[in-house]
Amino acid sequence: MKFFISFLFFLVFNVETFCQISFQKTYGTSNGESSSYIKQTLDKGYISTGYTSYTSGESNMYLLKMDSVGGVSWSRNYNNPSWGPIGYNVSQTYDGGYIIMGLTNLGVGLFKTDANGDSIWNKEFYSPSGIEGFSVHQTVDS
């Protein structure tokens, strides 16, 4: 019986310790933004990707960089006629920039930025069968 009580106390104590909210923020406008993915960055901040809609009906993929307490460091919207509206996943690259995997008008797309979110390149992979990509990571050989 002592073991069960000790274990229960340990479990409750750990849940309270690790489940405290550090900050809570709301981002976006009334035009309709959606975040598909958020991840902690090497500088202990956060990066998020998804899409943003405008009243004109146009959608853009976005990237939002936040500091360690949720303050906005910068945000970027990427409007490319061939790109679709959604960034599904983002990873920080070895050079400090970011790579985003998303949905384009033709299929799957990769979008590379520098550390400030400025576009470096994008690649599109035609997918006639509706295949989509939901995760991206840089390989060891870059």
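Heads up: the structure comes first, above all this text.
Residues numbered from 1 in each chain as written. Predicted model: local features only at pLDDT ≥ 70, side-chain atom pairs only at ≥ 80, totals over all residues. Heavy atoms only, no water.

Undergrad: It is not clear to me how the environment of Val90 should be interpreted in this structure. Could you clarify?
TA: Note on placement: Val90 falls in strand β5 (residues 83-92). In this structure, the C-alpha to C-alpha distance between Val90 and Thr49, residues 41 residues apart in sequence, is 6.5 Å. For Val90, the contacting residues outside a window of four places in its chain are Tyr37, Lys39, Ile47, Thr49, Leu63, Tyr98, Ile99, Ile100 and Val136. (Helix = DSSP H or I, 4+ residues; strand = E, 2+ residues; numbered from the N terminus. Contact = heavy atoms within 4.5 Å.)

Undergrad: Would you mind going over the sheet that holds strand β4 (residues 72-78) with me for this structure?
TA: Hydrogen bonds between backbone atoms are what pair the strands of a sheet, whose relative direction is either parallel or antiparallel. Here four strands make up an open sheet; going across it, the order is β1-β2-β3-β4 and the pairing antiparallel. Each edge of the open sheet carries a strand with a single partner, namely β1 (33-40) and β4. Averaged over all pairs of adjacent strands, the angle between their axes in this sheet comes to 20°, without regard to strand direction. Bridge analysis of strand β3 (residues 59-66) against β4 gives six bridges, and the strand direction is antiparallel. Bridge pairing in β4 places Met66 opposite Val72. (Pairing = 2+ DSSP bridges. Axes fitted to C-alpha atoms, helices over the stretch in contact; angles between N-to-C directions.)

Undergrad: Before we go on, may I ask you to explain the packing of aromatic side chains in this structure?
TA: Evaluation of the coordinates by the stated rule reveals two aromatic pairs. Taken together, a centroid distance of 4.3 Å and an interplanar angle of 55° make the contact between Tyr78 and Phe111 tilted. Placement of the pair is Tyr78 in strand β4 and Phe111 in strand β7 (residues 107-113), with a sequence separation of 33 residues. Residue Phe111 is classed as buried on the basis of its relative accessible area of 4%. (Phe/Tyr/Trp six-rings, centres within 6.5 Å; stacked < 30°, edge-to-face > 60°. Buried < 20%, exposed > 50% of the residue type's maximum accessible area, 1.4 Å probe, protein only.)

Undergrad: Even after reading the chapter, I still don't get the pairing of β3, so can you show me in this structure?
TA: In summary, the side chains of a regular strand alternate between the two faces of the sheet. Among the eight residues in β3, seven count as buried, and that is most of the element. Where strand β2 (residues 46-53) and β3 come together, eight bridges link them in antiparallel fashion. Opposite Tyr46, over in β3, you have Met66 as the bridge partner.

Undergrad: I keep staring at unusual backbone geometry and nothing clicks. Help me out?
TA: At Lys44, a residue that is not glycine, the phi angle is positive and equals roughly 70°. Within the secondary structure, Lys44 is located in the loop between β1 and β2. In this structure Lys44 comes out as exposed when scored by relative accessible area, which is 54%.

Undergrad: Is there a simple way to explain the nonpolar core in this structure?
TA: What tends to happen in soluble globular proteins is that the nonpolar side chains get buried as a cluster. If you look at the biggest cluster of nonpolar residues, it comprises nine residues: Ile47, Met61, Leu63, Trp74, Tyr78, Val90, Tyr98, Ile100 and Phe111. Listing elements by their share of this core, those giving two or more residues are β3, β4 and β6 (98-104). (Core = buried A, V, L, I, M, F, W, Y, C linked by side-chain atoms within 4.5 Å.)

Undergrad: Any chance you could explain the pattern of salt bridges here in plain terms?
TA: Side-chain pairing between opposite charges can occur once the charged atoms of the two side chains come close. On inspection of all chains with the given rule, the structure shows three salt bridges. In this structure, Lys112 engages Asp95 in a salt bridge whose closest nitrogen and oxygen atoms are separated by 3.2 Å. You can see Lys112 sitting in strand β7 and its partner Asp95 sitting in the loop between β5 and β6, a full 17 residues away along the chain. Taking relative accessible area as the criterion, Asp95 reaches 54% and is therefore assigned exposed. (Salt bridge = Lys/Arg side-chain N within 4 Å of Asp/Glu carboxyl O.)

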